[in-house]
Amino acid sequence: MDRIKYQNKAFARPPRDASLPAIGWYLHMPFCTTKCGYCDFYSLPSIPGLVDQLVHALNAEMAGRDPCRHVESVFIGGGTPTVLPLVALGVVLDSVVGRTGPVAEFTVEANPSSADELKLDLLRSRGVNRISFGAQSFYAEDLAVLQRLHDPRHIVESVTHARAAGFDNVNLDLIYSVPGQTMGRWRDSLRRAVDLGIEHLSCYALMYEPGTQLTQLRRHGRIVACDEDLEADMFELTIDELTAAGFEHYEVSNFALPGRRCRANLIYWQNREYLGIGPSAVSYLEGIRQKNVPDIRKYIEGMQADPESIVVEKEKLAPFDRACETAVQMLRLTEGIKFDLFHRLTGFDAAVIFTGQIRRYCSAGLMHATPDTLRLTRRGMLLANRIMSDFLPDEASVAGNA
Ligand code: SF4
């Protein structure tokens, strides 16, 4: 078929302040065709009457809150951004690119059943250079449990279409420990992803978040959660399979071919600054974290009447709290905390404020420390969330002073 050519419009781009570090931009597009059973992100079915109003509100928020910093990465997630009609998606992309200019990494999330060739061409024409598909599994049985709309065939088609549109950086999200999933099925899903020539894989254990369909079904005994030992074995298998296939395991759940680590996520894991736009989006700028209202109507009305009213949470982190949070984020990375970088970013000496935790977890074989770094061991990664909770402010101040 003939491919549509889109022309970029000319924008008078606001000047950027070169004296400050580059930041990330995140845009939350809240529409999804249906709600997946495990999802606790803010999303709702696309409402035609609200699309234009949402696009208008997003543009207004971008114009009002652009801190005029250089932008290293843009990530449009959700929700499912590619559920937006073609024209509306184009307007949003124009607005973003018109402000940020070309960025090193520009990712858009898509579902295998929602990204047709026209939309993929549109994304490429606007400078999107990375696409992330919510593939989750190559088995229809797993996708049915997860209440996903697509089937495995759509994953292959979407990747093929993305390649044809010119994407050379593709991520697949995959989920393991799905009820009923066997080790063989998970291994096969990983191998099929690798065989597709994917550059980046995010592999998450299924979580039972409060309020989701799967949590309800589990509570009523309609599904049985995966055995903990099997889940741990699947995690270890993931590392073995993907590193053997040439991927770098650079974050607890993330794997990349050399040079393909996700810049947008690295900004979070290094606890650097980012601007969040859209309903439910979170920003972290100049020491202040704030969250937008997770309600599309309140977001649109707020942007029309009083843009400040869309902020539902706002806090300025104390330096010590900020240091603890930075430690927790950095521990997600396989390289862990680099003490000199940590000191530069926070003003604290990690080896001092976390003395108690370092002693405890290193002697248990869950962490490994050198004079310059602290990281989780493979066994430690299996307990990452538990261990990290010990690095949060209350625990840190107690344990660090022990
Ligand atoms: S497509 Fe993604 S954001 Fe939408 S409901 Fe499913 S998991 Fe949630």
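Up top is the structure these notes are about.
Residues numbered from 1 in each chain as written. Predicted model: local features only at pLDDT ≥ 70, side-chain atom pairs only at ≥ 80, totals over all residues. Heavy atoms only, no water.

Turning to helix α10 (residues 296-305), its buried residues number three or more, namely I296, Y299, I300, G302 and M303. Axial view of α10: buried residues confined to an arc of 165°, hence all on one face. Looking at α10, the residues exposed on the side facing more than 90 degrees away from the buried face are K298, Q304 and A305. Its buried side turned inward, α10 meets β2 (31-32), β3 (44-45), α1 (48-65), β11 (274-277) and β13 (288-292). Where α10 begins, one side-chain oxygen reaches toward the backbone nitrogen of R297, 2.9 Å away; that side chain belongs to D295. (Buried < 20%, exposed > 50% of the residue type's maximum accessible area, 1.4 Å probe, protein only. Helix = DSSP H or I, 4+ residues; strand = E, 2+ residues; numbered from the N terminus. Arc of directions from axis to C-beta. Contact = heavy atoms within 4.5 Å. Polar contact = N/O pair within 3.5 Å; in protein donor to acceptor, adjacent residues only side chain to side chain.)

Before going further, it helps to spend a moment on the packing of α1 against helix α2 (residues 86-100). Where α1 contacts α2, the two axes come as close as 10 Å, and the packing angle between them is 5°. With respect to each other, α1 and α2 are oriented roughly parallel. Contacts from V51, V55, L58, N59, M62 and A63 of α1 reach α2 at A88, V91, V92, S95, V96 and R99. In terms of residue class, the contact of α1 with α2 is made up of nine nonpolar, two polar and one charged. (Axes fitted to C-alpha atoms, helices over the stretch in contact; angles between N-to-C directions. Parallel < 35°, antiparallel > 145°, perpendicular 65-115°, else oblique. Nonpolar A, V, L, I, M, F, W, Y, C, P; charged D, E, K, R; others polar.)

Another aspect to go through is the sheet that holds strand β17 (residues 373-376). Spatial ordering of the open sheet is given by β15-β17-β16, a layout of three strands whose pairing is antiparallel. This sheet does not close on itself; its edge strands, each paired only once, are β15 (337-338) and β16 (367-369). Where β15 lies against β17, two bridges are found, and the strand directions are antiparallel. Paired with K338 across the bridge in β17 is T373. (Pairing = 2+ DSSP bridges.)

With that settled, the discussion passes to the site of the ligand. The ligand sits among C32, T34, K35, C36, Y38, C39, S43, G78, G79, T80, N111 and R148. Per-class residue counts for the shell around the ligand are four nonpolar, six polar and two charged. (Near = heavy atom within 4 Å.)

On to helix α3 (residues 117-125). Counting along an α-helix, one turn takes 3.6 residues, and residues three or four places apart therefore face a common direction. Listed in full, the buried residues belonging to α3 are K119, L120, D121, L122 and L123. Buried residues in α3 make contact with α2, β5 (105-110), β6 (130-136) and α5 (152-165). Where α3 begins, the side chain of D116 points an oxygen toward the backbone nitrogen of L118, at a separation of 3.2 Å. Positive phi appears at G127, one or two residues downstream of α3, with a value of about 90°.

Counted according to the given criterion, the structure contains seven aromatic pairs. Ring centres 5.3 Å apart and planes at 45° place the aromatic pair Y176 and W186 in the tilted group. Taken together, the residues Y176 in strand β7 (residues 170-176) and W186 in helix α6 (residues 183-195) connect sequence positions ten residues apart. As far as the burial class goes, Y176 and W186 line up, both buried. Their ring planes at 65° and their centres at 6.0 Å tell us that Y250 and W269 sit as a pair that is edge-to-face. Here the residue Y250 occupies a position in strand β9 (residues 248-251), and W269 occupies one in helix α9 (residues 263-269), the gap between them amounting to 19 residues. Looking at Y250, the relative accessible area reads 1%, which means it is buried. Within the aromatic cluster, the residues linked to one another by ring pairs are F342, F354 and F391. (Phe/Tyr/Trp six-rings, centres within 6.5 Å; stacked < 30°, edge-to-face > 60°.)

Okay, the packing of α6 against helix α8 (residues 228-244) next. Here α6 crosses α8 at 25°, and the two axes come no closer than 10 Å. Between α6 and α8, the angle is such that the two are roughly parallel. In this structure, α6 crosses over α8, and the sense of that crossing is right-handed. Here M183, W186, R187, L190, R191 and V194 of α6 come into contact with α8, specifically with L230, D233, M234, L237, T238, E241 and L242. Its residues assigned to classes, the contact of α6 with α8 shows eight nonpolar, one polar and four charged. (Left-handed = near helix turned anticlockwise from the far one by under 90°.)

Inspection of the secondary structure assignment puts V92 in helix α2. Under the relative-accessibility criterion, V92 is labelled buried at 1%. It is 6.5 Å that separates the C-alpha atoms of V92 and V55, two residues lying 37 residues apart in sequence. In contact with V92, not counting residues within four places along its chain, are L27, M29, V55, L58, M62 and L84.

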